[in-house]
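A structural walkthrough
Listed below are the residues making up each chain.
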Amino acid sequence: MSRTPSLSSLRLFLQVARSLSFSETARMANLSQPALSRTIKLLEEDLGVRLFDRNSRNVRLSSAGAALLPTVERLTGDFDQAFRELKQTFEGQRGRVVVGALPSVAANLLPRVIARFRQSHPHVEIILRENLTSGLYQSLQDRMIDFAISIEPNAQAEIDFMPMLEDACVLVCHARDAGAIPDPAPWSVFRDMPFIGMEPRSSVRMLTDAAFARADIVTPALFECSQLATVGGLIAAGLGISLLPQSTLPLLANNPDIAWRAMQPPLASRRIGVSRMAGRTLSPAAQAFLDAMVSCDQCGDVIER
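Let me begin by describing the structure that accompanies this report. (Residues numbered from 1 in each chain as written. Predicted model: local features only at pLDDT ≥ 70, side-chain atom pairs only at ≥ 80, totals over all residues. Heavy atoms only, no water.)

1. With respect to the overall build of the protein chain
What counts is decided by this rule: Per the convention used, a helix needs a DSSP run of H or I reaching at least four residues, while a strand needs a run of E reaching at least two, with both numbered from the N terminus. A radius of gyration in this sense is built from C-alpha atoms; the matching globule rule multiplies 2.2 Å by the number of residues raised to 0.38. Only heavy atoms matter for contacts: two residues are in contact if any of them lie within 4.5 Å across the pair.
Summing up its helical and strand segments, the protein chain has 12 helices and 11 strands in all. The C-alpha atoms of the protein chain give a radius of gyration of 32 Å, which is well past the 19 Å a tight globule of 305 residues would have. Referenced to the eigenvectors of the C-alpha coordinate spread, the extents of the protein chain come out at roughly 105 × 40 × 25 Å. Put simply, 74% of the contacts in the protein chain that link residues at least 6 apart link residues at least 24 apart.

Structural data, given as structure tokens:
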């Protein structure tokens, strides 16, 4: 074999082998018959064998051509399949998406988005990684996630942020106390009842502390919890009340002993959106998932208001 045959010449061999007609193959390939004959002759020279036995009326595969045929069928089939899959990857129909999210977002928003997306993109693998805000931004920088659903970052030039929704803080209390608390609730309630807070380093606690400062409320935390489920358990036991972003309520397991009230001004909220590294192009699959998430009723059904 003097040189490796080209894929185009092998495809023409395959067409002739199947049709057993140079004229029909030339017509289908939009070639002149002499050009097709030259291509097959060069292929035979490259391989050092005769591929077809032909006369003025008949074309037949030679023994060497018959031996070559299944190899060419396999090669062209594998090539076509590979590029079909690659085309699907370029179109966002195949691939792998790694999404980072705050626990409240992962529990409330993303399951519905993922379920809808998988209906139209069944061959895209979705990996969901929950973390707190600082961990999400570190994962972004380390290329461990494609993008994050998080609160708005402090001025970081290397991170692009696209806001999606405002997540209002609400008062969370025991159901038996809800009747005595106006809706919306005054901030003075937190002077009268024990406060159950998240741990001081959490973004939720920093948000609620800032809200108390704006409302001129001083309320030391009776308990400081690292898990929202613990906050819910303490409230359900009648040990106090809390101030939490509304998106966290599903993490309290819809406990019938827990109720919530909107707050009077000054209103407190956090902005949740998509954070991604500036200048970093998302894969087609990741971009398709992001587009599906952003168009998910404009996130209007994410938090019941």
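2. Things to note about the packing of helix α1 (residues 7-19) against helix α4 (residues 63-90)
The following threshold applies: Comment: axis = line fitted to C-alpha atoms, over the contacting stretch for helices; angle = value between 0 and 180 degrees taken between N-to-C directions. When describing relative orientation, an angle under 35 degrees is termed roughly parallel and one over 145 degrees roughly antiparallel, while 65 to 115 degrees is termed roughly perpendicular and anything else oblique. The handedness criterion is simple: a crossing whose near helix is rotated anticlockwise from the far helix by less than a right angle is left-handed, and one whose near helix is rotated clockwise is right-handed.
It is at 10 Å that the axes of α1 and α4 come closest, and there the two elements cross at 120 degrees. By the criterion of interaxial angle, the relationship of α1 to α4 is oblique. For α1 against α4, the interelement crossing comes out left-handed. Along the contact surface, α1 presents Leu7, Leu10, Arg11, Phe13, Leu14, Ala17 and Arg18, while α4 presents Gly65, Leu68, Leu69, Val72, Glu73, Thr76, Phe79 and Asp80.

3. Description of the side chain of threonine 208
Counted only if it meets this: Think of it in three bands: residues with accessible area under 20% of the maximum for their type are buried, residues over 50% are exposed, and the middle band is partly exposed, with areas taken using a 1.4 Å probe on protein chains only.
With respect to the element layout, threonine 208 can be found in helix α10 (residues 203-214). Residue threonine 208 is classed as buried on the basis of its relative accessible area, which comes to 1%.

4. Section: the packing of aromatic side chains
Quick reminder of the rule: Classification of ring pairs rests on two measures: the distance between centres of Phe, Tyr or Trp rings, Trp counted by its six-membered ring, which must be within 6.5 Å, and the angle between planes, read as stacked under 30 degrees, edge-to-face over 60 and tilted in between. Note on geometry: a ring has a charge over it if NZ (lysine) or CZ (arginine) is within 6 Å of the ring centre and within 35 degrees of the ring normal.
Applying the stated criterion across every chain, the model contains 10 aromatic pairs. A centroid spacing of 5.5 Å and a plane angle of 50 degrees characterise the contact between phenylalanine 13 and phenylalanine 52, whose relative ring orientation is tilted. Taken together, the residues phenylalanine 13 in helix α1 and phenylalanine 52 in strand β1 (residues 52-54) connect sequence positions 39 residues apart. As far as burial versus exposure is concerned, phenylalanine 13 and phenylalanine 52 are alike and both buried. With centroids separated by 5.8 Å and ring planes inclined at 75 degrees, the aromatic side chains of phenylalanine 22 and phenylalanine 52 adopt a geometry described as edge-to-face. Taken together, the residues span a long stretch of sequence, with phenylalanine 22 in helix α2 (residues 22-28) and phenylalanine 52 in strand β1 at a distance of 30 residues. With respect to class, phenylalanine 22 is no different from phenylalanine 52; both count as buried. Over the ring of phenylalanine 22 we find arginine 54, and its NZ or CZ is 4.0 Å from the ring centre.

5. Quick look at the side chain of serine 242
Short version of the rule: Here a polar contact means two N or O atoms within 3.5 Å. Within protein one must be a hydrogen donor candidate and the other an acceptor candidate, and residues neighboring in sequence count only if both atoms are side-chain atoms.
On the secondary structure map, serine 242 appears in strand β9 (residues 242-245). A distance of 2.6 Å separates the side chain of serine 242 from the backbone oxygen of isoleucine 196, its partner in a polar contact.

6. Focus: the pattern of salt bridges
Pairs may arise between side chains of opposite charge once their charged atoms sit close together. What counts is decided by this rule: Salt bridges, as used here, are contacts in which a Lys or Arg side-chain nitrogen is within 4 Å of a carboxyl oxygen on Asp or Glu.
By the definition in use, this model includes 12 salt bridges. Through salt bridges with shared partners, a single ionic network connects Arg205, Asp209 and Glu224.

7. A closer look at α10
Rules: A helix is expected to reach a length of 1.5 Å times the quantity of its residues less one.
The first and last C-alpha atoms of α10 sit 17 Å apart over 12 residues, in line with the 16 Å expected at 1.5 Å per residue. The set of residues buried in α10 consists of Ser203, Val204, Arg205, Leu207, Thr208, Ala211 and Phe212. Taken from the residues just after α10, aspartate 216 is the one with a positive phi, measuring 60 degrees.

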